Amino acid sequence: MADKVIKRYLFPDDYMADPSVHVFDGKLYIYPSHDWAAPVPEDDFGSQHDMKDYHVLSLEGPDPMTSPVKDWGKVLDLKDIPWARRQLWDCDVVRGRDGRYYMYYPAKDKTDIFRCGVAISDKPTGPFVPEPDPIRGSYSIDMAVLHDDADGEYYMYFGGIWGGQLQRYRDNLAQDCGTSYPEDGEPAIPPRVVRLSHDMLQFAEDSRPVVILDQAGKPLTVGDTHRRFFEASWMHKYQGKYYFSYSTGDTHHLCYAIGDNPYGPFTYTGELLTPVVGWTTHHAIVEYGGKWWLFHHDSVPSGGITRLRSLKVCELKYNPDGTIQTVDGID
Ligand code: FUB
């Protein structure tokens with residue numbers, strides 16, 4: 001049963017989506033994708049999401065439901081990234097060991113393959129200076145990074161099927177046939193997790209599959225489209241447990257699965273947010289001011305146009321057993 005929860009459109013001045021949200025030194029920062037009315041025909045690869053830059057937003061007060069939101073302007077531009085050709089999709093930003101801020105972002109390279117870039121700033125508000133090359137061995141989309149307080153390491157979660165190109169890879173190797181999906185009864189294509197190198201600029205190891213199990217301990221299958229992973233990874237910790245959350249893409253649910261360590265496996269636990277208006281759904285979960293918040297997007301303000309999405313926020317509540325109360329995406 002989904003709860004009707006009061007929500008706020010965070011930034012009516014512009015179309016933004018895919019929020020990643022962090023609190024640095026007590027202040028809340030939002031790192032969204034920057035939507036625009038790109039004149040690109042819509043397709044199943046998401047070509048219509050032809051974003052060209054990133055902005056940073058910050059919350060100028062204690063309450064996400066009412067405090068002003070400040071736009072710090074353009075902090076990274078596609079034209080300044082030597083290796084990238086198009087489509088700056090969902091990014092994330094963390095504070096590194098050296099106190100600088102590291103942005104991880106997907107973009108298609110000159111051969112139209114998604115890679116992960118890194119850009120660095122002295123401040124959480126940018127501007128971010130891009131590294132000249134993408135991370136070696138990186139692929140697919142939707143990077144989200146956990147700085148784990150248990151061991152001090154940084155773990156990146158990534159991947160997305162269909163337009164996100166994750167189906168091209170098996171065990172980190174691109175397949176000759178390009179695109180292939182397992183049969184409906186086989187285990188679903190998993191997102192990936194990888195520990196970052198000490199200098200934050202490369203992978204410290206080969207990425208591993210993020211396995212999502214059902215309550216009986218079996219991996220979710222390809223045909224289980226209302227629960228299996230599609231895109232939009234996010235990781236947060238609650239009472240020592242690791243909550244991996246994601247979108248089911250073509251069935252439009254935001255779901256979560258719980259594990260005991262950053263690598264998983266994770267057990268499917270439930271739905272965070274029922275489908276919103278617009279094809280994509282995407283989110284971040286963060287604790288701020290003693291409460292938990294769900295940041296996400298929908299396409300209501302644009303009248304349902306998929307490539308023009310708007311940021312929203314609402315409170316997220318846990319039950320005493322650690323499960324999350326489902327939020328109604330339509331209100
Ligand atoms: O914004 C482009 C893509 O749409 C993101 O990478 C996906 O997660 C979906 O929200």
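For the structure itself, look to the data block above.
Conventions we followed
Here, residues in each chain are numbered from 1, in the same order as that chain's written sequence. Predicted model: local features are reported for residues with pLDDT of at least 70 only, side-chain atom pairs are reported and counted for 80 or more only, and whole-chain, interface and lining totals are derived from all residues. Just so you know, side-chain values use all the structure's heavy atoms and leave hydrogens and water out. A single heavy atom is enough: if one lies within 4 Å of a molecule or strand, its residue is considered near that molecule or strand. Any pair of nitrogen or oxygen atoms within 3.5 Å is treated as a polar contact; in protein, a donor-acceptor pairing is required on top of that, and neighbouring residues in sequence qualify only through side-chain atoms on both sides. Areas reported here follow the Shrake-Rupley algorithm with a probe of radius 1.4 Å; residue values treat only the protein chains shown as occluding. Burial status follows relative accessibility: with a 1.4 Å probe on protein chains alone, a residue under 20% of its type maximum counts as buried, one over 50% as exposed, and anything between as partly exposed. Secondary structure elements are taken from DSSP: a helix is a run of H or I of four residues or more, a strand is a run of E of two residues or more, and numbering for both begins at the N terminus. Each pair of strands is called paired provided DSSP finds at least two bridges between the two strands. Any two rings among Phe, Tyr and Trp, with Trp reduced to its six-membered ring, count as a pair given centres within 6.5 Å; such a pair is stacked if its planes are under 30 degrees apart, edge-to-face if over 60, and tilted if neither. Working definition of a nonpolar core: buried Ala, Val, Leu, Ile, Met, Phe, Trp, Tyr and Cys residues. They are joined through side-chain atoms within 4.5 Å. Here, two residues are considered to be in contact whenever any of their heavy atoms come within 4.5 Å of each other. Definition used for salt bridges: Asp or Glu carboxyl oxygen within 4 Å of a side-chain nitrogen of Lys or Arg.

Moving on to the site of the ligand. Looking at the ligand, the residues that line it are Asp18, Met51, Trp89, Asp90, Asp142, Glu231, Thr280, His282, His297 and Arg309. Asp18 has a polar side-chain atom sitting 2.5 Å from an oxygen atom of the ligand. At 2.7 Å from an oxygen atom of the ligand is found a side-chain nitrogen or oxygen belonging to His282. In isolation the ligand has 270 Å² of accessible area, and contact with the protein removes 99% of it.

Side-chain positions along a regular strand alternate between the two faces of the sheet. Of all seven residues making up strand 19 (residues 241-247), six are buried, and the element is well covered by its neighbours. Examined bridge by bridge, strand 18 (residues 231-238) and strand 19 share six bridges and lie antiparallel to one another. In the sheet register, Trp234 faces strand 19, and the bridge partner there is Ser245. Connecting strand 18 to the next strand, strand 19, in antiparallel fashion are two residues, including Gln239 with a positive phi near 50 degrees. Examined bridge by bridge, strand 19 and strand 20 (residues 254-259) share six bridges and lie antiparallel to one another. Along strand 20, the bridge assignment pairs Ser247 with Leu254. The hairpin formed by strand 19 and strand 20 contains six residues between the paired strands, and Gly249 there has a positive phi angle of roughly 60 degrees.

Okay, the packing of aromatic side chains next. The final tally for this structure, using the stated rule, is 23 aromatic pairs. Centre to centre, the rings of Trp162 and Trp279 are 5.8 Å apart; their planes meet at 40 degrees, and the pair counts as tilted. Linking Trp162 in the loop between strand 12 (154-158) and strand 13 (169-170) with Trp279 in the loop between strand 21 (266-273) and strand 22 (283-288), this pair joins segments that are 117 residues apart in sequence. For the pair Tyr238 and Tyr318, a centre-to-centre distance of 3.5 Å together with 5 degrees between the ring planes defines the contact as stacked. Placement of the pair is Tyr238 in strand 18 and Tyr318 in the segment after strand 24 (310-316), with a sequence separation of 80 residues.

Before going further, it helps to examine the nonpolar core. Counting residues in each nonpolar core, the largest one holds 40 residues, and the members touching the most others are Tyr104, Met156, Tyr157, Leu196, Ile212, Phe244 and Tyr246. Tallying contributions element by element places strand 12 first for this core, with five residues. Those residues within four positions of Met156 in sequence are excluded, and the remaining contacts are Tyr104, Cys116, Ile135, Met143, Ala144, Val145, Arg192, Val193, Val194, Leu196 and Phe203. Of all hydrophobic cores here, the second largest spans 34 residues; its members include Tyr238, Val286, Trp293 and Tyr318.

Inspection of every chain in the model, using the stated rule, returns 23 salt bridges. Residue Asp35 is joined to Arg309 by a salt bridge in which the shortest nitrogen-to-oxygen separation is 2.7 Å. Linking Asp35 in the loop between strand 3 (27-34) and strand 4 (53-59) with Arg309 in the loop between strand 23 (291-298) and strand 24, this pair joins segments that are 274 residues apart in sequence. Assigned by exposure class, Asp35 and Arg309 land together as buried. A single salt-bridge network, built from bridges that share partners, covers Lys74, Asp77, Lys79 and Asp80.

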